[in-house]
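# Coordinates in review
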Amino acid sequence: MTEISLQDARALPFHKRPTTLLFLMAIALPLSFSTWLALLNNFVIDVADFQGDDIGLLHTVREIPGFLAVGVILVLVFMREQTLALWSLALLGVATMVTAWFPSLGGILLVTTFSSIGFHYYETVNQSLQLQWLPKDRAPQILGWIITASSGATLVAYVLIVLTWERLGLSYNTVYMVSGGLTLVIVGYCAMVIPQFKSPTPQNKEFVLRKRYWLYYALQFMAGARRQIFVVFAGFMMVEHFGFDVHQLTGLYLVNLIANMSMAPLFGKAVARFGERNTLTFEYIGLAGVFLAYGGIYWFGWGVGLAMALYVLDHLFFSLALALKTYFQKIADPADMAPTAAVAFTINHIAAVALPVLLGMLWLASPGAVFALAAAMALVSLMLALMIPRNPEPGNETIFSMRFAAPAE
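Below, the structure is looked at part by part. (Residues numbered from 1 in each chain as written. Predicted model: local features only at pLDDT ≥ 70, side-chain atom pairs only at ≥ 80, totals over all residues. Heavy atoms only, no water.)

### Quick notes on the overall build of the protein chain
From N to C terminus, the protein chain includes 15 helices and 2 strands. Over its C-alpha atoms the protein chain spans a radius of gyration of 21 Å, differing by no more than 12% from the 22 Å that the globule rule assigns to 409 residues. Across the 409 residues in the protein chain, those meeting the buried criterion constitute 57%. Excluding contacts between residues fewer than 6 apart, the proportion of contacts in the protein chain whose partners are at least 24 apart in sequence is 87%. Averaging the coordinates of the 22 positive side-chain charges in the protein chain and doing the same for the 22 negative ones gives two points 11 Å apart. (Helix = DSSP H or I, 4+ residues; strand = E, 2+ residues; numbered from the N terminus. Rg over C-alpha atoms; globule rule 2.2 N^0.38 Å. Buried < 20%, exposed > 50% of the residue type's maximum accessible area, 1.4 Å probe, protein only. Contact = heavy atoms within 4.5 Å. Lys, Arg positive; Asp, Glu negative; His and termini not counted. Charge placed at Lys NZ, Arg CZ, Asp CG, Glu CD.)

Structure follows, in structure tokens:
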């Protein structure tokens, strides 16, 4: 298939443009993944009688493909990034459709592995495409709108679950089949209607690990460790500790999504106005407070209302992580977007592979300690964020770059 340059793509009808593809893929992903995640805690407890250590093992297995995301570099030797993104979404959709067919620990782990390969390979190349295709001066705002579109798709799915789960007596299999199928429909449209686009800078096809990106790597590592505690244990707490049913937990997700849809465009503007350093500093201070309050639920017996509010705040703070993408976009060599996205995903998942199963065992002894550890991780991220310069660019990647730069001859 002939590739169209980004310059020529401006003349295409709106429904065939690169930005349209980014928005459609952002909608297709949560239709499968967010629905799978919304039902997951109830599904594994109802069907497979999971305990804290089981859910930790499941999420460890789910993160292994993320740890191996560096393999994307090898795949890109034979396949365009855009093509790989669509194939990855298709794999995620199929895996979601068959999730309820394997109602045992081994079966759930197997399906989760395939689902995770699709999710993580898509996220890797999608981040690369966003940073290559979006102009630097508008990237924060457009990323904010993409987050809104993704949240909107998830909102529709969750509203339908809340309204129909009990009324129609839906099964896990029905919901998984429909959500995965819708992802496949969108993928089919993107593959048949939207052309292939040629990025302005050819991407390196080899492993890239550059010293000057060290702060970005460190922030990615801490983000992966910190995120796992939220993804694995915040929702699990609502089911195990407070006894939430499917429609109740999904209702909480709905509130969360409405908040994200309202705030994401503002977050994009905030990054553009206040810069990555200030935005990430605000995020990490907020997350440290939220995680400490989570611990207080177990230490002091705080109630479900606070837990629900914290869950929404937690997710809002995580939305500010788009500043990490734009920080890298500003400091990176344009040819490094694809390989560095793969390397960053692997770094992001180093802790993600080990932590869930270890923290699952700690959870059995002290759930509050798990959240206290997350607060400590947020504070480490805060110290790293303070090393971002106010105006990052190549040669000025950290506050130390200019100080230790070699003098001009």
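### Notes on a nonpolar patch on the surface
A cluster of nonpolar side chains, contributed by W299, F300, W302 and L306, occupies part of the molecular surface with about 440 Å² of accessible area. Counting through the fold element by element, W299 comes out in helix α10 (residues 246-299). For W299, a relative accessible area of 44% gives the class partly exposed. (Patch = residues over 30% accessible without salt bridge, like charges linked within 9 Å, V, L, I, M, F, W, Y side chains within 5 Å. Areas by Shrake-Rupley, 256 points an atom, 1.4 Å probe, with all protein chains shown as cover. Salt bridge = Lys/Arg side-chain N within 4 Å of Asp/Glu carboxyl O.)

### Things to note about the packing of aromatic side chains
For any pair of aromatic rings, the description consists of the separation of the ring centres together with the inter-plane angle of the planes. Scanning all chains against the criterion turns up 15 aromatic pairs. Judged by centre distance (5.5 Å) and plane angle (85 degrees), the rings of W133 and F197 are edge-to-face. A residue pair is termed long-range when its members are at least 10 positions apart, and W133 in helix α6 (residues 105-133) and F197 in strand β2 (residues 196-198) qualify at 64 residues. Neither W133 nor F197 differs from the other in exposure class; each is buried. With centroids separated by 6.3 Å and ring planes inclined at 80 degrees, the aromatic side chains of Y213 and Y217 adopt a geometry described as edge-to-face. Pair check on accessibility: Y213 and Y217 agree, each one buried. Each residue in the set F291, Y294, Y298, W363 and F371 is aromatic and connected to the rest through ring pairs, giving one cluster. (Phe/Tyr/Trp six-rings, centres within 6.5 Å; stacked < 30°, edge-to-face > 60°.)

### Thoughts on the pattern of salt bridges
Counted by the stated rule, this structure contains 2 salt bridges. With a closest N to O distance of 2.7 Å, R212 and E397 form a salt bridge. Linking R212 in the loop between β2 and α9 (214-240) with E397 in the segment after α15 (367-385), this pair joins segments that are 185 residues apart in sequence. A relative accessible area of 5% places E397 in the buried class. Its salt-bridge partner being E276, residue K330 comes within 3.1 Å of it at the nearest N-O pair.

### Remarks on helix α5 (residues 81-97)
Over its 17 residues, α5 extends 25 Å from the first C-alpha to the last, a length consistent with the 24 Å expected when each residue adds 1.5 Å. Most of α5 sits out of view: 13 of its 17 residues are buried. (Expected span 1.5 Å × (residues − 1).)

### Notes on the environment of F233
Here F233 lies in helix α9. Using a relative accessible area of 0% as the deciding quantity, one classes F233 as buried. For the pair formed by F233 and S199, sequence separation is 34 residues and the distance between their alpha carbons is 39 Å. Beyond its immediate sequence surroundings of up to four residues, F233 is in contact with Q228, P356, L359, G360, W363, V370 and F371.

### Section: the side chain of N126
Structurally, the position occupied by N126 is in helix α6. Note on N126: relative accessible area 4%, which makes it buried. Dropping the residues within four chain positions of it, N126 is found in contact with L22 and M25.

Keep in mind that these numbers describe shape and distance, not what the molecule does.
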